[in-house]
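Tertiary structure, described
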Amino acid sequence: MSEITINRNDGTRTGIDESALAALQSKLKGKLLTSGASGYDEARTVWNAMIDRRPALIAQCANAEDICQAVTFAASKKLMLAVRGGGHNIAGNSVCDGGMMIDLTLMNSVQVDVQNRTARVGPGANLGVIDQATQAHGLATPLGINSTTGISGLTLGGGFGWLSRRYGLTIDNLISAEVIGADGTKRTASATENPDLFWAIRGGGGNFGVVSSFTFRLHEVGPEVLSGLIVHPFEQAGELLRFYRDFVPSLPKEAAVWVVMRDAPPLPFLPEEWHGKKVLVFAACSSGDFAQTEKALAPLRSFGKPIADVIGPHPYVGFQTAFDPLLAPGYRNYWKTHNFTELTDGLFDVFVKQINAMPGHDSEIFFGQLGGAINEVPVNATAYSARNIEYVMNVHSRWNSPADDEKGIQWARDIFAQAKPYAVQGGYVNFMTEDEGDRIESVYGPNYQRLRELKKKYDPSNLFRMNQNIKP
C-alpha cells in the first residue's frame with residue numbers, strides 16, 4: 001500500500017503513508033482495503049444504487065478489538081468516518097466519499113441461548129440469519145420485514161415488524177449491547193451498566209458509537225404463523241381503506257395488518273392478467289392462536305371482491321422473506337415517511353391520487369399498523385419517542401435508470417407534502433433520506449435535548465456524524 005489521501009471531518013484532506021497503514025493492519029484480524037484492492041468494490045456497494053461512494057480506506061473488522069483499533073485510528077486523525085452494518089440504510093450513511101469506512105459484515109454470528117431465551121448477535125448479521133438461528137428453536141425477537149436488512153441500523157433506529165404489536169420494538173427487546181465509543185473504549189450498555197448510553201442507543205441511531213454485539217430477549221413464536229396476503233383491485237381502494245380504518249382497532253395485539261398499494265408483481269397466485277395492474281394488498285400476520293386469529297380476520301377476508309386470498313399457516317421464517325423480491329438490491333430508491341395517530345379520508349384521497357400517478361411499476365406506498373405493546377412503553381424510557389403512533393407510512397419510490405431520478409424523487413416528495421396535514425410531528429429515523437436533517441429534532445421530540453447532552457458526553461467531536469446526526 002502506498003500513501004493515500006483521505007478526507008477529514010473538517011473538510012480538509014490529509015495523507016496517510018504506507019507505514020501507518022501497515023501498522024494499523026498489523027493490529028487487525030480483519031483487512032484494510034484501499035481502492036483497487038480485491039473486495040473493495042463489494043465492500044463499498046450498498047443496497048441503494050443511488051449511493052455510489054468511494055471511501056479512501058475500508059477497515060473490515062473481524063471482532064470488537066478491530067473496531068476499537070479502527071475507531072481510535074479514525075479519531076486520532078480526525079477522519080470522516082462511516083460505519084457499515086448491513087448497508088441497507090436508505091440515506092447511504094454506511095459509506096462515505098474519500099473518508100474511512102468501518103465494515104462490520106464479517107461479524108455476523110448469532111448465538112442462541114435456548115435456556116435463557118436470549119440471542120447474542122454480531123453487528124454485521126442480517127435479519128434472515130437471525131430468524132433462521134432463532135426459529136431453529138421456535139424462538140424470535142421483533143425484527144423488520146425484509147430479511148436482508150442489517151441488525152445494527154434496524155435496532156439503533158428502533159425496529160418494528162410483524163411481532164411488534166405483541167412484543168414491542170426491537171429496542172424494547174434489547175437486553176444489552178457492547179459499544180465502542182469515540183475514544184476507542186469498549187463499554188457495556190444495559191439497564192445496570194452505563195444506563196444513559198443504553199437509553200441513547202435505543203433509537204438514537206449510530207450517534208454514540210459502534211455496537212460490536214447485541215443481546216436480545218427471545219419469545220416463543222411459530223414455527224408457523226397465520227399470515228399471507230389479500231389482493232384487491234385498486235379501483236376499490238377508497239372503500240377498502242375506510243373499511244380497514246374501522247376494522248383494525250379490533251385486532252388483538254398478536255395480529256397486525258399492513259396495507260401495500262402498488263402495481264401487482266408477477267406473483268404465482270395472481271392471474272396473469274393482473275400482473276402490472278394497480279392493486280391494494282392487505283398483508284396480515286399473527287403469532288397468536290390460529291383459531292382465534294382466523295375469527296378476528298374473518299371480516300377482513302370477507303370484505304370486497306379480492307383477486308386472491310392466500311392467508312394461511314406459513315413458516316414465520318418464510319413470511320419474513322415474503323417482501324424480499326420487492327426490495328432487491330441494485331435499484332435506485334428514495335423514501336419519504338410520516339407517522340399517524342389516525343387515518344382520515346383526506347389521507348386516503350392522497351393515496352388514491354398518487355398511486356394513479358406512480359412513475360413506474362416498482363414504486364409503492366405502504367403503511368404499517370403499530371400500536372399495541374409499542375405504545376405501552378413510556379415516551380422517555382428510550383430515545384425512540386413515538387409511543388403514541390398507530391400507523392407509519394413509507395413511500396418507496398424505486399426505479400432503475402439515473403435518467404428517472406428527478407421523476408422518482410419528486411413523486412415521493414409530492415406524497416410527503418400532501419400527506420403532511422394528516423400526520424403528526426416526527427417520523428421514523430430509519431426511513432429518512434440524507435436530505436432530512438431538519439427533521440431530527442421533531443423525530444426525537446421531548447427526548448432530543450437529552451440526546452444532545454449524551455452526544456456531548458460520548459462523542460463531543462462528532463466523530464460519528466454519518467447518520468441522522470444529533471450534533472453535540
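This structure is a prediction, so every number in the text was calculated from the model and none was measured. (Residues numbered from 1 in each chain as written. Predicted model: local features only at pLDDT ≥ 70, side-chain atom pairs only at ≥ 80, totals over all residues. Heavy atoms only, no water.)

**Details of the packing of helix H11 (residues 345–355) against helix H12 (residues 405–419)**
- In the contact formed by H11 and H12, the axes pass within 9 Å of each other and the chain directions differ by 165°. Overall, the two elements H11 and H12 adopt an arrangement that is roughly antiparallel. Where H11 crosses over H12, the two elements pack in a sense that is right-handed. Here Leu347, Val350, Lys353 and Gln354 of H11 lie close against H12, whose contacting residues are Trp411, Asp414, Ile415, Gln418 and Ala419.
- Its residues assigned to classes, the contact of H11 with H12 shows five nonpolar, two polar and two charged. (Axes fitted to C-alpha atoms, helices over the stretch in contact; angles between N-to-C directions. Helix = DSSP H or I, 4+ residues; strand = E, 2+ residues; numbered from the N terminus. Parallel < 35°, antiparallel > 145°, perpendicular 65-115°, else oblique. Left-handed = near helix turned anticlockwise from the far one by under 90°. Contact = heavy atoms within 4.5 Å. Nonpolar A, V, L, I, M, F, W, Y, C, P; charged D, E, K, R; others polar.)

**Quick look at the sheet that holds strand E10 (residues 174–180)**
- Judged by pairing direction, the sheet is antiparallel, and its five strands sit side by side in the order E7-E8-E12-E10-E11 without closing on themselves. Every other strand in the sheet has two partners, leaving strand E7 (110–113) and strand E11 (186–190) as the edge strands with one partner each. Here the strands of the sheet are splayed against their neighbours by 15° on average, with no regard to which way each runs.
- Both E10 and E11 contribute to a ladder of five bridges, which runs antiparallel. (Pairing = 2+ DSSP bridges.)

**Points about the sheet that holds strand E6 (residues 100–103)**
- If you walk across this open sheet you meet the four strands as E3-E4-E6-E5, and the pairing is mixed. Lying at the two open borders of the sheet, with one neighbouring strand each, are strand E3 (31–33) and strand E5 (81–84). Going across the sheet, the axis of each strand differs from the next one's by a mean of 20°, ignoring polarity.
- Sheet topology places E3 next to strand E4 (residues 57–60); three bridges connect them, and they run antiparallel. Paired with Lys31 across the strands is Gln60, a residue of E4.
- With respect to the sheet, helix H1 (residues 18–26) is in contact with E3, E4 and E6, its orientation differing from that of E3 by roughly 150°.
- Sitting on the sheet, helix H3 (residues 64–76) touches E4, E5 and E6, and the angle it makes with E6 is about 170°.

**Regarding the pattern of salt bridges**
- In this structure the tally under the stated criterion is 21 salt bridges.
- A salt bridge links Asp246 to Arg245, with the nearest nitrogen and oxygen atoms 3.9 Å apart.
- On the accessibility criterion, Arg245 (21% relative accessible area) is partly exposed.
- Here Glu436 makes a salt bridge to Lys336, at a shortest N to O gap of 3.1 Å. Of the two residues, Glu436 sits in the loop between H12 and helix H13 (440–444) while Lys336 sits in strand E19 (residues 332–340), which places them 100 residues apart along the sequence. Residues Glu436 and Lys336 agree in their burial class; the two are buried.
- Through salt bridges with shared partners, a single ionic network connects Asp41, Arg44, Asp52 and Arg54. (Salt bridge = Lys/Arg side-chain N within 4 Å of Asp/Glu carboxyl O. Buried < 20%, exposed > 50% of the residue type's maximum accessible area, 1.4 Å probe, protein only.)

**What about the nonpolar core?**
- Residues Ile151, Trp162, Ile201 and Phe208 are the most contacted members of the largest nonpolar core, which totals 76 residues.
- Top element by residues in this core is helix H7 (residues 195–201). It accounts for five residues.
- The contacts of Ile151, once residues within four sequence positions are left out, are Val121, Gly122, Pro123, Ala125, Asn126, Leu127, Ile130, Leu143, Phe214 and Phe216.
- Counting residues in each nonpolar core, the second largest holds 42 residues, with Phe243, Ile355, Val395 and Trp411 among its members. (Core = buried A, V, L, I, M, F, W, Y, C linked by side-chain atoms within 4.5 Å.)

Everything listed here is a matter of geometry and, on its own, says nothing about what the molecule does.
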